[in-house]
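Residue-level structural notes
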Amino acid sequence: MLAGCFLLGFFHRFAPATSAEDLSADLGANATTLGTLAAWHFWVYTVAQIPAGILVDRYGVRSCVAAGSLVTAGGSLVLAGAVNPPMASVGPMLTGGGLSVVFVGIMKYNASWFRPESYGLVTGVTMLAATCGAIGAGSPTAWLLERCDWRQIFAMAALAGLVLSVAVAAVVRDRPPYGFGTQAGRASRVRGGLRAALRRRELWPLLAATAGTNGTFYAFAGLWGVPLLTETRGLSNTVAAGYTTAALAVYGLGCLAIGVWSDRIGRRKPFLLATSWMAVAGWMGLALLPWEPGWQGLGLYIVVGAAASQVTVSFAALKESVPVEIAATALAVLNAGVFVASAVLQPMFGFIVDSGSGWSWALALMVGISLSGLLAVRSASETWCNTLPSTHSEQHALSTDGKT
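Overview of the structure.

**As for the pattern of salt bridges**
- Enumeration according to the criterion identifies six salt bridges in this entry.
- Put simply, Arg200 and Glu202 hold a salt bridge, and the shortest N to O gap is 3.2 Å.
- Judged by relative accessible area, Arg200 falls into the partly exposed class, the value being 23%.
- Each member of the salt-bridge network shares a partner with another, and the members are Asp263, Arg268 and Glu320.

**Quick look at unusual backbone geometry**
- The phi dihedral of Trp384 is positive, around 55 degrees, even though this residue is not glycine.
- Within the secondary structure, Trp384 is located in the loop between helix 17 (359-377) and helix 18 (391-403).
- With a phi angle near 60 degrees, Cys385 is a residue other than glycine that sits in the positive phi range.
- By the secondary structure assignment, Cys385 is in the loop between helix 17 and helix 18.

**Structural notes on the environment of Gly138**
- Relative to the assigned elements, Gly138 resides in the loop between helix 6 (119-136) and helix 7 (139-145).
- Its relative accessible area of 2% is what places Gly138 among the buried residues.
- When the C-alpha atoms of Gly138 and Leu248 are compared, they prove to be 8.8 Å apart, with 110 residues separating the residues in sequence.
- Setting aside its immediate chain neighbours within four residues, Gly138 contacts Thr18, Ala241 and Thr245.

**Topic: a nonpolar patch on the surface**
- A cluster of nonpolar side chains, Ile50, Ile54, Leu194, Leu198 and Trp204, forms an exposed patch at the surface whose accessible area comes to about 490 Å².
- For the nonpolar patch, the elements supplying multiple residues, two or more each, are helix 3 (49-59) and helix 10 (193-198).
- Checked against the element boundaries, Ile50 lands in helix 3.

**Details of the side chain of Ser370**
- With respect to the helices and strands, the residue Ser370 is situated in helix 17.
- Polar side-chain contacts of Ser370 include one of 2.9 Å to the backbone oxygen of Val367.
- Contacts of Ser370, omitting those with residues within four sequence positions, involve Gly212, Ala279, Val280 and Trp283.

**Looking at the environment of Arg199**
- Tracing the sequence through the fold places Arg199 in the loop between helix 10 and helix 11 (203-232).
- Take Arg199: its relative accessible area is 67%, and that puts it in the exposed class.
- Remark: the alpha-carbon pair of Arg199 and Ala330, spanning 131 residues in sequence, is separated by 9.9 Å.

**Remarks on the nonpolar core**
- Judged by nonpolar contacts, the single largest core of 92 residues is most densely connected at Phe6, Phe217, Tyr218 and Trp283.
- If one sorts the elements of this core by residue count, helix 1 (residues 2-27) sits on top with 12 residues.
- Among residues more than four places away in sequence, those in contact with Phe217 are Gly222, Ala247, Leu248, Tyr251, Trp283, Val304, Gly305 and Ala308.
- With 21 residues, the next largest nonpolar core counts Leu203, Leu207, Val313 and Val333 among its residues.

**Things to note about empty space enclosed by the protein**
- All chains considered together, the criterion is met by two cavities of 30 Å³ or more.
- By volume, the largest cavity is sized at about 120 Å³.
- Forming the walls of the largest cavity are 15 residues, and the residues nearest its centre are His12, Pro16, Leu79, Pro92 and Thr95.
- Mapped by element, the contributors of at least two residues to the lining of the largest cavity are helix 1, helix 2 (31-47), helix 4 (61-80) and helix 5 (85-113).
- Along the lines of polarity and charge, the residues of the lining of the largest cavity split into eight nonpolar, six polar and one charged.
- A volume near 50 Å³ is recorded for the second largest cavity.

**Observations concerning helix 1**
- Its 26 residues place the ends of helix 1 only 33 Å apart at the C-alpha level, less than the 38 Å of an ideal helix rising 1.5 Å per residue.
- If you look at helix 1, its biggest bend is around 75 degrees, right at Ser19.
- Note on helix 1: the residue one or two positions beyond its end, Gly28, has a positive phi of about 65 degrees.

Criteria and thresholds
Residues numbered from 1 in each chain as written. Predicted model: local features only at pLDDT ≥ 70, side-chain atom pairs only at ≥ 80, totals over all residues. Heavy atoms only, no water. Salt bridge = Lys/Arg side-chain N within 4 Å of Asp/Glu carboxyl O. Buried < 20%, exposed > 50% of the residue type's maximum accessible area, 1.4 Å probe, protein only. Helix = DSSP H or I, 4+ residues; strand = E, 2+ residues; numbered from the N terminus. Contact = heavy atoms within 4.5 Å. Patch = residues over 30% accessible without salt bridge, like charges linked within 9 Å, V, L, I, M, F, W, Y side chains within 5 Å. Areas by Shrake-Rupley, 256 points an atom, 1.4 Å probe, with all protein chains shown as cover. Polar contact = N/O pair within 3.5 Å; in protein donor to acceptor, adjacent residues only side chain to side chain. Core = buried A, V, L, I, M, F, W, Y, C linked by side-chain atoms within 4.5 Å. 1 Å grid on protein atoms, 1.4 Å probe; cavity = no way out; pocket = protein on both sides within 12 Å on 5 of 7 lines; lining within 4 Å. Points joined across faces, edges and corners; volume = space filled by probe spheres on them. Nonpolar A, V, L, I, M, F, W, Y, C, P; charged D, E, K, R; others polar. Expected span 1.5 Å × (residues − 1). Bend = angle between axes of the 7 residues up to and from the residue.

Okay, here's the thing in structure tokens:
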């Protein structure tokens, strides 16, 4: 049930790309306005991360995820009935806020109900399930748009959200009869966690790198990937959506595969560097090469999608680079930072297109962000898949050595 809510949230995150042409025509929105409308999801999702964590900790997974799914359904319904861009903007705001609670809730559920040694695998499976929602926002939605109105699609998504909300309230339980993860509870009680996380040098190279891979890809696949193909290569909306669908499928499978592979060889940095290079190569290819629809264009879309799977290793590397007391907070900052990048890039991309500079210059923006990420990740440290000891443990060891 929780994965279903997460899947539906990812549908709302990427559906604007497939529906962009119809949304623009019905609402009278140019590229800049459309980019701003879609970016509201990312902005609200980012701002709501910390409040969502507080709510889930206080009221539990079942109540909060049921409410979050209901809010997401409300956002979908508002968008379905919107008659102008300001009204339509309320829809992504609500879906962003609702999904933030769903994300925090399912991650806490995984930590409570699964053993720590299985957490990486479970998180990978969770992300793969969520990506199915993004895939559904691609070709399947384009197929539906040939047979029904975009408003009907979002109304059906609202109904699915309502059903899931009721199902979560009826089925989900907050905690198992046995317990894991008391460590997470201790971390949440540490004062000054946010300040301590922001002071960690290890955070910033990973944030820049992930913004260059995952942040650029979310902004592109969530809105501009389909219009690029329909407006510059003359493809139909359905065929163009197939390109982003393929990229998202590779992204979802990559999130699982890269985590397992990295764990198996006990390294993080080689994967961070390789995916950052892939992102730069993919965006440069889209911006500079005279690529044609077909295998050339599809290959470049798949490269940037595969590069975005770096996020799995980024989370793991950061968790292993900071003391356990602030690990959760540091991960929240990294996640929020990536979505800030996406929220900024979507309207900037649209503004460049509207200004007459052309799609190549808009894609050059992605090249610049991914290149910055590549330069930053070179200074990241290798963790060798070893978790940094608790600062309390270090202090205890030091005091014991002093007494000895």
